[in-house]
Amino acid sequence: MECEKAQKLISDWLDGKLSRWKEKKLNKHLASCQLCQDYLEAQKIIQREALEIGKVENPSQWWLQFEQGIRKKLSLAGQPDEIQIAGEEKNNKKTKWWNLHPQAVRAISILTIVVGTLFLILYIGQRKNSEELPLSLMLSYEESYFNLSQILAQDEVAASDFATNLEETILEEIFLAGGEDTIWEVEYNYPLNNYQIESNDLRIENKYSEESL
Amino acid sequence: MKAEGESQLIEQARRGEIEAFMELVKKYEHRIFQLTYRLSGNREDAADLAQETFLQAFRAIKDFRGNSSFHTWLHRIAVNRSLNFLKRHNREKSYRDEAGQIDENSGRGRQKAELKVASPEDSSLSEEFRAGLKKAIEELPPAFRATFSLVVGQEMSHKEAAEVLGCSEGTVSWRMHEARKMLKKKLQPFLT
């Protein structure tokens, strides 16, 4: 096992997220890798100290004042939708339609990419060879996708692993290309309603969600 | 407070009953404050952000449909507000009021002395290491900082953090790994 992969497993282990068989693999690697042993020890220290440094104790009087502040603002407002929150005026700008329909935007984007890619493959392929794609080649692709979809449909574990690996690869590519920072430079506004998690769904567009509270 | 009691309080708060909502505030104020403190880095901003979180929650509670837990929903509001705050105010140096100034050069200069203090066998780490760690966390990109704060600071599982952040568990796992690598790199002078 490569050290990079082992260190990813160490991270999952620290978060209590490592399966038994992966833990076994990690232990096997650790037994023969001083570098990863040191990495593990360093991460244990970071974990322990990070937990401690964010702990703040406030006296009970402080909490009373904190609650009174909230109560006062709520009483003044009367009804939930009359609450005014400082610094929110700027956020009341008109929401763009693409922010209101993230699913539609995603569908259109994927469709555009797929159609565009197919068009380029066929067009360039034809221009280059002045021939159509061999039928046998197209059928073999189709068969591969069909087989894969059959396997994933029948085996939940395989489907989950496939989705996770695919997702991590994509995210790593995005990160290496500096995309993660770019994505997060928008207004942070995760959807607060109707949220359903799907493990094989990247949901990157959630960062651009429409609902502003 | 049982979930049933909480649902009742939420229902009452939906009808505009302030006292019912204040019960929810009392239940969650400590955890929300801890989170806004971890993200903003100082007490004053953390208190403001926590208050704003509750006010926003009260305003939006009519739209809360229970698809996620109230706890998750509240954390999501707190994360949104805190990250927007950081973005607007560009608070890169917000930990300094409590952590004190960090002189990176002096840290490196004392590297050998710190190595012993920061070794895994030693239970008490130096204040300088803690200040360095605060600064390193503060310098993480927002998405990574939020993820790290939820998983390590709020002790959430990847699943819970994913629900708060609106991403998949795989994304949380990957961000944690990257965040840890970044922290380790920045704290290298202190670690053996």
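See the structure shown above.
Residues numbered from 1 in each chain as written. Chains lettered and ligands numbered in written order. Predicted model: local features only at pLDDT ≥ 70, side-chain atom pairs only at ≥ 80, totals over all residues. Heavy atoms only, no water.

Participant: Would you mind showing me how to read the overall build of chain B here?
Facilitator: Looking only at helices and strands, chain B features 11 helices and zero strands. Ordering the α and β elements of chain B from the N terminus gives α-α-α-α-α-α-α-α-α-α-α. Taking all contacts inside chain B whose residues are at least 6 apart in sequence as the whole, residues at least 24 apart take part in 67%. Of the roughly 7600 Å² of accessible surface on chain B, 46% is carried by carbon and sulfur atoms. (Helix = DSSP H or I, 4+ residues; strand = E, 2+ residues; numbered from the N terminus. Contact = heavy atoms within 4.5 Å. Areas by Shrake-Rupley, 256 points an atom, 1.4 Å probe, with all protein chains shown as cover.)

Participant: What's the story with the state of the cysteines in this structure? I'm lost.
Facilitator: Per the stated rule, a full pass over the model turns up zero disulfides over all chains. Unpaired in this structure, Cys33 of chain A has its nearest cysteine sulfur neighbour in Cys3 of chain A, at a distance of 3.6 Å. (Disulfide = S-S within 2.5 Å.)

Participant: Quick question: what am I supposed to make of a nonpolar patch on the surface here?
Facilitator: Residues Ile110, Val114, Leu118 and Leu122 of chain A make up a contiguous nonpolar surface patch of about 340 Å² in total accessible area. When you line up the elements, Leu122 of chain A lands in helix α6 (residues 102–129). (Patch = residues over 30% accessible without salt bridge, like charges linked within 9 Å, V, L, I, M, F, W, Y side chains within 5 Å. Salt bridge = Lys/Arg side-chain N within 4 Å of Asp/Glu carboxyl O.)

Participant: It is not clear to me how the side chain of Glu6 of chain B should be interpreted in this structure. Could you clarify?
Facilitator: Examined against the element boundaries, Glu6 of chain B turns out to sit in helix α1 (residues 3–14). Side-chain polar atoms of Glu6 of chain B contact the side chain of Lys27 of chain B, separated by 2.6 Å. (Polar contact = N/O pair within 3.5 Å; in protein donor to acceptor, adjacent residues only side chain to side chain.)

Participant: I keep staring at the pattern of salt bridges and nothing clicks. Help me out?
Facilitator: Pairing between side chains of opposite charge can happen when their charged atoms approach one another. Using the criterion set out here, one finds 19 salt bridges over all chains in the structure. Between Arg14 of chain B and Glu11 of chain B there is a salt bridge, with its nearest N and O atoms 2.8 Å apart. In this pair, Arg14 of chain B and Glu11 of chain B both sit in helix α1, three residues apart, roughly one turn of the helix. For Glu11 of chain B, a relative accessible area of 35% corresponds to the partly exposed category. For Arg15 of chain B, the salt bridge is made with Glu17 of chain B, and the minimal N-O distance between the two is 3.6 Å. Residue Glu17 of chain B is classed as partly exposed on the basis of its relative accessible area of 34%. Linked by salt bridges that have partners in common, Arg48 and Glu49 of chain A together with Glu127 and Arg130 of chain B make up one network. (Buried < 20%, exposed > 50% of the residue type's maximum accessible area, 1.4 Å probe, protein only.)

Participant: How do you make sense of helix α11 (residues 169–186) of chain B when you look at a structure like this?
Facilitator: Counting along an α-helix, one turn takes 3.6 residues, and residues three or four places apart therefore face a common direction. For α11 of chain B, built from 18 residues, the straight-helix expectation of 26 Å at 1.5 Å per residue is met to within 8% by its first-to-last C-alpha distance of 26 Å. Counting buried positions along α11 of chain B yields 13 of 18 residues, so the element is predominantly enclosed. (Expected span 1.5 Å × (residues − 1).)

Participant: Hey, could you run me through the nonpolar core in this one?
Facilitator: One recurring pattern in soluble globular proteins is that nonpolar side chains are buried together. Core analysis: the largest hydrophobic core is formed by 72 residues, its most contacted members being Phe21, Phe54, Phe70, Val79 and Phe148 of chain B. When residues of this core are assigned to their parent elements, the largest contribution, 12 residues, is made by helix α2 (residues 18–40) of chain B. Among residues more than four places away in sequence, those in contact with Phe21 of chain B are Leu74 of chain A together with Ala13, Phe54, Ala57, Phe58 and Ile61 of chain B. One finds Ala6, Leu9, Ile10 and Leu30 of chain A within the second-largest nonpolar core, a separate group that totals 11 residues. (Core = buried A, V, L, I, M, F, W, Y, C linked by side-chain atoms within 4.5 Å.)

Participant: What should I look at first to understand helix α3 (residues 34–53) of chain A in this one?
Facilitator: Taking 1.5 Å of rise per residue, the 20 residues of α3 of chain A would be expected to cover 28 Å, and the 29 Å separating its terminal C-alpha atoms lies within 8% of that figure. Within the sequence span of α3 of chain A, burial applies to Cys36, Tyr39, Leu40, Ala42, Gln43, Ile45, Ile46, Gln47, Glu49, Ala50, Leu51 and Ile53 of chain A.

Participant: I would appreciate a short explanation of unusual backbone geometry in the present structure.
Facilitator: Leaving glycine out, the prevailing phi sign among residues is negative, and the prevailing peptide bond configuration is trans. With phi around 55°, Glu155 of chain B is a residue other than glycine that occupies positive phi space. Overall, the relative accessible area of 58% leaves Glu155 of chain B in the exposed class.

Participant: What should I look at first to understand the environment of Ile10 of chain A in this one?
Facilitator: Examined against the element boundaries, Ile10 of chain A turns out to sit in helix α1 (residues 3–14). With residues up to four places along the chain from it excluded, the contact list for Ile10 of chain A reads Leu26, Leu30, Cys36, Tyr39 and Leu40 of chain A.

Participant: I keep staring at the packing of α3 of chain A against helix α8 (residues 127–138) of chain B and nothing clicks. Help me out?
Facilitator: Between two packed helices, what matters for the description is the angle formed by their axes and the separation of those axes. The geometry of α3 of chain A relative to α8 of chain B is characterised by a closest axis approach of 10 Å and an angle of 85° between their N-to-C directions. The angle between the axes of α3 of chain A and α8 of chain B places the two elements in the roughly perpendicular class. Contacts from Ile45, Ile46, Glu49, Ala50 and Ile53 of chain A of α3 of chain A reach α8 of chain B at Phe129, Arg130, Leu133, Lys134 and Ile137 of chain B. Classifying every residue of the contact of α3 of chain A with α8 of chain B gives seven nonpolar, no polar and three charged. (Axes fitted to C-alpha atoms, helices over the stretch in contact; angles between N-to-C directions. Parallel < 35°, antiparallel > 145°, perpendicular 65-115°, else oblique. Nonpolar A, V, L, I, M, F, W, Y, C, P; charged D, E, K, R; others polar.)

Participant: Would you mind going over the packing of aromatic side chains with me for this structure?
Facilitator: Describing an aromatic ring pair means giving the distance of the ring centres and the angle of the ring planes. Residues and elements named next belong to chain B. In total, this model carries 13 aromatic pairs over all chains according to the counting rule given. Each ring, one from Phe64 and one from Trp73, has its centre 4.9 Å from the other, and the planes form 45°; the classification is tilted. There is no split in this pair, since Phe64 and Trp73 are both buried. Aromatic pair Phe70 and Trp73: ring centres 5.7 Å apart, planes at 35°, arrangement tilted. Taken together, the positions of Phe70 and Trp73, both in helix α4 (residues 70–89) and three residues apart, correspond to about one turn of that helix. Since its relative accessible area comes to 2%, Phe70 is described here as buried. (Phe/Tyr/Trp six-rings, centres within 6.5 Å; stacked < 30°, edge-to-face > 60°.)

Distances and angles like these do not, on their own, reveal function.
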